[in-house]
Amino acid sequence: MKFLVNPSKFNKIADYVFKPLLILSIILFALGLLFSFYLSPDDYQQGSTVRIMYVHVPSAWLALLTYAIMTLYSIAGLAFRIPFGFIINTAVAPIGAVFTLICIISGSLWGKPMWGTWWVWDARLTSVAILFIIYLIIIFMNLSFENRIVREKVVAIFVLVGSINLPIVKFSVDWWNTLHQPATISKLSKPSIDPSMMIPLIIMTFAFIMVGLAIAILRIKIEIISRKSNLI
Amino acid sequence: MIIVKDLSVDRLDKKIFEKVNLSLTSGNITILKGKNGSGKTTLLKAILNIIEPSFGSIYWKGKLLKKNLYDFYNHVTYISDKTSSLKKLTLKDNINIWKRFFCSNINNSQIETALKTLKLENYLNQKVGTLSLGETKKLEFLRLIIENKSVWILDEPLSNLDESSIELMKQTFEDHCAQEGSIIFSSHQNPGIYVTEEVNL
Amino acid sequence: MIIVKDLSVDRLDKKIFEKVNLSLTSGNITILKGKNGSGKTTLLKAILNIIEPSFGSIYWKGKLLKKNLYDFYNHVTYISDKTSSLKKLTLKDNINIWKRFFCSNINNSQIETALKTLKLENYLNQKVGTLSLGETKKLEFLRLIIENKSVWILDEPLSNLDESSIELMKQTFEDHCAQEGSIIFSSHQNPGIYVTEEVNL
Amino acid sequence: MKFFNKILFFYYREYKLNISGFQDILTNIIFFFVSIFIFIFSVGPNKETISVIGVAIVWTLLLLSSTLSLKKFYQDDFENGNLLIIHLNGFSYGFIAILKTFSHFLFVQIPFLLSIPIACILLNIESDKLMYLLVSFGIGSLTLSCLGSISSSMNLMNQRNFLLGSVIVMIFSVPIIIFSVGIINMEENFNSLINILFGILLIVFAINPWASGLCLKLSLENN
Amino acid sequence: MKFFNKILFFYYREYKLNISGFQDILTNIIFFFVSIFIFIFSVGPNKETISVIGVAIVWTLLLLSSTLSLKKFYQDDFENGNLLIIHLNGFSYGFIAILKTFSHFLFVQIPFLLSIPIACILLNIESDKLMYLLVSFGIGSLTLSCLGSISSSMNLMNQRNFLLGSVIVMIFSVPIIIFSVGIINMEENFNSLINILFGILLIVFAINPWASGLCLKLSLENN
Ligand code: HEM
Ligand SMILES: Nc1ncnc2c1ncn2[C@@H]1O[C@H](COP(=O)(O)OP(=O)(O)OP(=O)(O)O)[C@@H](O)[C@H]1O
Ligand SMILES: Nc1ncnc2c1ncn2[C@@H]1O[C@H](COP(=O)(O)OP(=O)(O)OP(=O)(O)O)[C@@H](O)[C@H]1O
Ligand SMILES: [Mg+2]
Ligand SMILES: [Mg+2]
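Residues numbered from 1 in each chain as written. Chains lettered and ligands numbered in written order. Predicted model: local features only at pLDDT ≥ 70, side-chain atom pairs only at ≥ 80, totals over all residues. Heavy atoms only, no water.

**Description of the site of ligand 2**
Argument step 1. The immediate surroundings of ligand 2 are formed by 22 residues, with Lys40, Thr41 and Thr42 of chain B together with Ser132 and Gly134 of chain C found nearest.
Argument step 2. Each of chains B, C and E places residues next to ligand 2.
Argument step 3. Ser38 of chain B has a polar backbone atom sitting 3.4 Å from an oxygen atom of ligand 2.
Argument step 4. At a separation of 3.2 Å, an oxygen atom of ligand 2 approaches a polar side-chain atom of Glu156 of chain B.
Argument step 5. In the complex, 96% of the free accessible area of ligand 2, which totals 640 Å², lies under the protein chains.
Argument step 6. At the level of secondary structure, the elements contributing two or more residues to the shell around ligand 2 comprise helix H1 (40-47) of chain B together with helix H5 (133-147) of chain C.
Argument step 7. Per-class residue counts for the shell around ligand 2 are five nonpolar, twelve polar and five charged. (Near = heavy atom within 4 Å. Polar contact = N/O pair within 3.5 Å; in protein donor to acceptor, adjacent residues only side chain to side chain. Areas by Shrake-Rupley, 256 points an atom, 1.4 Å probe, with all protein chains shown as cover. Helix = DSSP H or I, 4+ residues; strand = E, 2+ residues; numbered from the N terminus. Nonpolar A, V, L, I, M, F, W, Y, C, P; charged D, E, K, R; others polar.)

**Description of the interface of chain E and chain D**
Argument step 1. Taken together, the contact pairs 37 residues of chain E with 40 residues of chain D.
Argument step 2. Between chain E and chain D lies a buried interface of about 3,600 Å² when both sides are counted; carbon and sulfur atoms form 80% of it.
Argument step 3. Counting every contact that joins chain E to chain D gives zero salt bridges.
Argument step 4. In this assembly, chain E and chain D are joined by one residue pair in polar contact (both at pLDDT 80 or more).
Argument step 5. Broken down by secondary-structure element, the contributors of at least two residues to the side of chain E that touches chain D are helix H2 (22-43), helix H3 (47-68) and helix H8 (162-185) of chain E.
Argument step 6. A per-element tally of the side of chain E that touches chain D places H2 of chain E first, with 13 residues.
Argument step 7. Class assignment of the residues belonging to the side of chain E that touches chain D gives a composition of 24 nonpolar, nine polar and four charged. (Contact = heavy atoms within 4.5 Å. Buried area = accessible area lost by both parts, 1.4 Å probe. Salt bridge = Lys/Arg side-chain N within 4 Å of Asp/Glu carboxyl O.)

**Things to note about the interface of chain E and chain B**
Argument step 1. Contact residues are listed per partner, giving 26 residues for chain E and 25 residues for chain B.
Argument step 2. The shortest N-O distance in the salt bridge between Lys217 of chain E and Glu52 of chain B comes to 3.2 Å.
Argument step 3. There are six residue pairs in polar contact (both at pLDDT 80 or more) connecting chain E and chain B.
Argument step 4. For the side of chain E that touches chain B, the secondary structure elements donating two or more residues are helix H1 (2-20), helix H5 (82-88) and helix H9 (190-221) of chain E.
Argument step 5. Across the side of chain E that touches chain B, the residue classes tally to ten nonpolar, ten polar and six charged.

**Some words on the sheet that holds strand E3 (residues 29-33) of chain B**
Residues and elements named next belong to chain B.
Argument step 1. Taken in spatial order, the five strands line up as E6-E7-E8-E3-E9 in an open sheet, and their pairing is parallel. Of all strands in the sheet, those bounded by a partner on one side alone are strand E6 (76-79) and strand E9 (197-200). Within this sheet the neighbouring strands show an average axis-to-axis angle of 10 degrees, counted without direction.
Argument step 2. Relative to E9, E3 runs parallel, the two sharing four bridges. (Pairing = 2+ DSSP bridges. Axes fitted to C-alpha atoms, helices over the stretch in contact; angles between N-to-C directions.)

**Some words on the relation of the copies chain E and chain D**
Argument step 1. Rotating chain E by 175 degrees and translating it 0.6 Å along the rotation axis places it on chain D, where the RMSD comes to 1.3 Å. Given the turn and translation reported, the copies of this chain are related as if by a two-fold rotation axis. For chain E, the residue whose C-alpha comes nearest the rotation axis is Leu68 of chain E, separated from it by 2.8 Å.
Argument step 2. By residue overlap, the copies meet face to face through one surface: 86% of the interface positions of chain E are interface positions in chain D. (Least-squares fit on C-alpha atoms with pLDDT ≥ 70 in both.)

**What about the environment of Val174 of chain D?**
Argument step 1. Along the chain, the position of Val174 of chain D falls in helix H9 (residues 173-185).
Argument step 2. Separated by 147 residues in the primary sequence, Val174 of chain D and Thr27 of chain D have C-alpha atoms spaced 27 Å apart.

**Description of unusual backbone geometry**
Argument step 1. Backbone geometry at Asp6 of chain B places phi at a positive 50 degrees, although glycine is not the residue there.
Argument step 2. In this structure, Asp6 of chain B sits in strand E1 (residues 2-11).
Argument step 3. For Asp6 of chain B, a relative accessible area of 31% gives the class partly exposed.
Argument step 4. Phi at Glu180 of chain C is positive, roughly 65 degrees, even though this residue is not glycine.
Argument step 5. Here Glu180 of chain C is to be found in the loop between helix H6 (163-178) and strand E8 (182-186).
Argument step 6. A relative accessible area of 51% means that Glu180 of chain C is categorised as exposed. (Buried < 20%, exposed > 50% of the residue type's maximum accessible area, 1.4 Å probe, protein only.)

**Some details on a negative patch on the surface**
Argument step 1. Together, Asp76 and Glu79 of chain D together with Asp76 and Glu79 of chain E make up a negatively charged patch on the protein surface.
Argument step 2. Broken down by secondary-structure element, the contributors of at least two residues to the negative patch are helix H4 (70-79) of chain D together with helix H4 (75-79) of chain E.
Argument step 3. Topologically, Glu79 of chain E is positioned in helix H4.
Argument step 4. Judged by relative accessible area, which is 48%, Glu79 of chain E ranks as partly exposed. (Patch = residues over 30% accessible without salt bridge, like charges linked within 9 Å, V, L, I, M, F, W, Y side chains within 5 Å. Lys, Arg positive; Asp, Glu negative; His and termini not counted. Charge placed at Lys NZ, Arg CZ, Asp CG, Glu CD.)

**Re the nonpolar core**
Argument step 1. Residues Met141 of chain A together with Phe72 and Ile153 of chain B are the most contacted members of the largest nonpolar core, which totals 228 residues.
Argument step 2. Take this core: its biggest share by element is 15 residues, from helix H4 (residues 123-144) of chain A.
Argument step 3. Those residues within four positions of Met141 of chain A in sequence are excluded, and the remaining contacts are Arg151, Val154, Val155 and Phe158 of chain A together with Met154, Leu164 and Ile168 of chain E.
Argument step 4. Listed in part, the 65 residues of the second largest apolar core include Leu91 and Leu118 of chain C together with Phe78 and Ile85 of chain D. (Core = buried A, V, L, I, M, F, W, Y, C linked by side-chain atoms within 4.5 Å.)

**Overview of a nonpolar patch on the surface**
Residues and elements named next belong to chain A.
Argument step 1. Together, Leu31, Leu33, Leu34, Phe37, Tyr38 and Leu39 make up a nonpolar patch on the protein surface, roughly 630 Å² of accessible area in all.
Argument step 2. As for its placement among the helices and strands, Leu33 is situated in helix H1 (residues 7-38).
Argument step 3. We classify Leu33 as partly exposed; its relative accessible area is 37%.

**Points about the pairing of strand E8 (residues 182-186) of chain B**
The side chains of a regular strand alternate, first on one face of the sheet and then on the other.
All names here are of chain B.
Argument step 1. The element E8 is extensively covered by neighbouring structure, given that five of its five residues are classed as buried.
Argument step 2. In E8, alternate side chains face the same way, and those of Ser182, Ile184 and Ser186 on one face and Ile183 and Phe185 on the other are all buried.
Argument step 3. Bridge count between E3 and E8: four bridges; the pairing is parallel. Paired with Thr30 across the strands is Ile184, a residue of E8.
Argument step 4. Here strand E7 (residues 151-155) runs beside E8; their pairing, made up of five bridges, is parallel. Looking at the pairing, Ile153 lines up with Ile184 of E8.
Argument step 5. Handedness of the β-α-β unit built from E7, helix H6 (residues 163-178) and E8 comes out right-handed. (Right-handed = clockwise from strand over helix to strand, strands pointing away.)

**A closer look at the confidence of the model for chain D**
Residue and element names in this part refer to chain D.
Argument step 1. Mean pLDDT over chain D stands at 81; residues scoring 70 or higher make up 90%.
Argument step 2. When mean pLDDT is taken per element in chain D, helix H5 (residues 82-88) scores highest with 90 and helix H8 (residues 160-171) scores lowest with 66.
Argument step 3. For this predicted complex, the interface score ipTM comes out at 0.85, alongside a pTM of 0.87. (pLDDT = per-residue confidence, 0-100.)

Shown next as structure tokens:
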């Protein structure tokens, strides 16, 4: 498992994994789209708008997952002085931002038919919006700070502080009474969802993960190279 | 009192200077010479512990400077190559601020004589921002008298001054040395000031 | 081309200088000398019509300067005693901005040679704010080449420069005069530049 | 032709100065949204309240953001002597004021203009009001830029009586904003109110080069 | 004793500087009131709505206008080399940060504190709420000053994107706003909420000298 903290080992593993990953993600995506648009039933209440779920839910999960990973690596970078943590932070933030954006847009599109507005100020939606802004701030900090050594530490601290937002996003539906769907799929006990919807959802989730991973690998490699040659 | 040993400074992975040695004891004057960009200002800042050197060490009174920093700061006046007076305030306000800020035990008449020798006595109520370049420079020197410390670190003190002011500075330098003070300054010209050491960067 | 007649400037009811006369024709160099605060900068600014003189008049090509102002501005480059480059931007950005802003017909290779002679070619991607004092000054001179105008008005161009740069400036001045240009500059020192007129303030 | 080129490159310079890239404009927009968030957190997530005060929020933020950037208006260029060089390059003081005003409008106000539609979604402002908002905002923000130019050029002079002047000028922005907000809430009067706003804009726009130009001249003279 | 004197005269200096920038303070306050007028006008003369959103408005505007003054926090002193001289006079970087934070609190936030009672009259906020408002603002604004110190010292190294600093401050101040507004609207919880606010203040206050000091050191080194 050393490749998770060591740039050169990571590079080696990444070279092996990258191509299969790309192929796999394309296959999964095709499969997922096929399932979600043709091979899954309409919801008896929501009609075909339910299909938005297959984009919305995976992207939401990945947005959270990405931030969680960044938090872990920030701790690694700050507390254990593993520079790879900072590399991951810079590389992965834009990916998380894109997932969050997809989640917000798909959610809004879903919200218009379901709730009647694009946006409400309930706890989950607000906290996701804040998550998005936090992602953006991280990206901009990476772009505009001059001194690399300072910058990565500052960013890592910011990531850690911002991680307070994660549980708020996750549990806001339980803590406060909101419009948004409470946990139905990711419930710890038994998911209250029909298997015919579960299958495309799972496939789409894996497709999202694969794509995310592929892009992440590319970006991490670029980051490693540019650090080696002292470009930034 | 100050000993600089094999000092090297890098900036953005570029070597500014390498292995500079220098020692300053009381009563001495050291001049820094060198081309533009050779690192005179950088060296002075490194001596003041503002810039981290990449190699080498600096001693103050026998101890490592870093261990003895605030004692060093208590003995040193630094005048940088830019003016540090507050442009929006008048001369008088500036002088008052410095005087109180440095808890100076200089009395007003001494400051007045200094102002007179510097020929600034007529500008007391003028905003510093409207002074001429040389006048701003001379105002800066007032800090030497207000702070009243023994080590002077001066960055290009002689530029922009007219001849009589340069003569005045020369006198002041000599007086300061006679009182066991020490001076290190950078300059592109040396109009006959007697220096004990010349460091070429 | 420029004729200054009996010029006096007051500031806050204080006389800065009185009845200054000066004339500058093409191919000539005029030096302004004087003590700190004697009004060199003020005179230069008055010639540029930035400061209203209290008495006297200035002519450009035989006409009153005020009547002919923008034609005058089309022929003049002014370098003040403060740096005017944008500190937050890199050298390259600054040069690009000046180049476009003055609609200069100088090509890149000329600028590169100029940068090389000024020994600034290695700093192109550095922020101007981090340059050394002399380097900033030299960067300013690049405007002389970029603007490519015939009358140069320079305020203390020689201060803060090292010897080789001063030599370079001397050369540049002579070349400019040989091409029918004209220069008026203020300075506290004159390291052997041949001047046609010396005005003492 | 050459003059036109010069104007073009004046803006090139302003662009370089104001934004080192696309991200700066984005940061402006993020600032706007974060402020909206803060308003909403403090008011509470009540839908009706929010849609009532939505327009006011947008306008207040506009006002604040344009003061936020007032300091940059002339101060930097004045202090590092660039104002002088621009003048010597053949721009009269009044003309510099006009150019600078537009530059402020372009680089500070327009990004806000662009983000208003999204803000309207967040704030539940109906889409028919959006049009009014955009029109009044377009006119009002240009007016604010002009006022900003006048007041910050007055600020350059370090003299007491002018300090007051700059504050008074800023107070003038009250009627503009009141009329603008009024436009959106009183739709039947739209045309007459727009005319008033437009009138104010014209007056301020006409005064601006004259007043700012004079202040610039005086402050350069006394520098 | 001498050290204490030095601190005293640090503030003398700040006082002189801020008084010479008196119009900045005045402009800030005027904007505060102008924004309140805008709100009142746009919401309409409905007394209840106004008093509901009154507290929220006061808080947000305070937050926004204290970010407005962030630029002055270290920038000026940094650029004219005074920061260096202060350090050479025997203040460590962290201590400078603490002093500056208090100075910001004194010269920027306190004037606001003084103008809150007037704002309360305009906004129909009951006088018993005023006390809560003042207490929560007192704590909250010191927290904001600390955050401002951190972000503006960070921004010394990031000369490109000034607004980013403000955005960071604002994101961090979201919890402060939520709790502060909560204090006033839920009076029964007053003590526990004040405790939370106080806890936040202590954390930020402890981090401030360390974080700002480091940033100051680094930016002086790279200047
Ligand atoms: C812009 C608006 C929206 C945002 C920002 C948003 C955000 C999120 C997030 C962050 C999650 C993941 C939570 C978790 O992992 O537990 C999620 C899950 C979900 N969302 Fe949304 N959502 C939005 C609108 C909607 C709408 C309109 C619906 C449908 C009525 C909806 C239905 C769901 C469902 C069914 C889940 C899965 C819940 C689970 O089992 O975990 N969302 N959403
Ligand atoms: N922050 C920085 N980053 C990168 N390079 C820097 C920085 N600061 C200074 N330099 C470079 O270091 C070199 C030395 O600068 P320094 O100011 O010490 O020169 P100097 O000898 O004082 O020159 P001058 O006689 O012109 O004042 C210069 O080439 C300058 O460009
Ligand atoms: N705005 C102003 N108000 C009042 N007095 C001023 C103003 N500007 C300049 N002065 C005064 O005018 C005098 C001449 O200034 P000027 O800058 O022309 O001197 P100089 O000859 O260039 O001196 P230096 O050699 O020091 O550059 C100075 O005494 C200065 O204090
Ligand atoms: Mg130097
Ligand atoms: Mg001068």
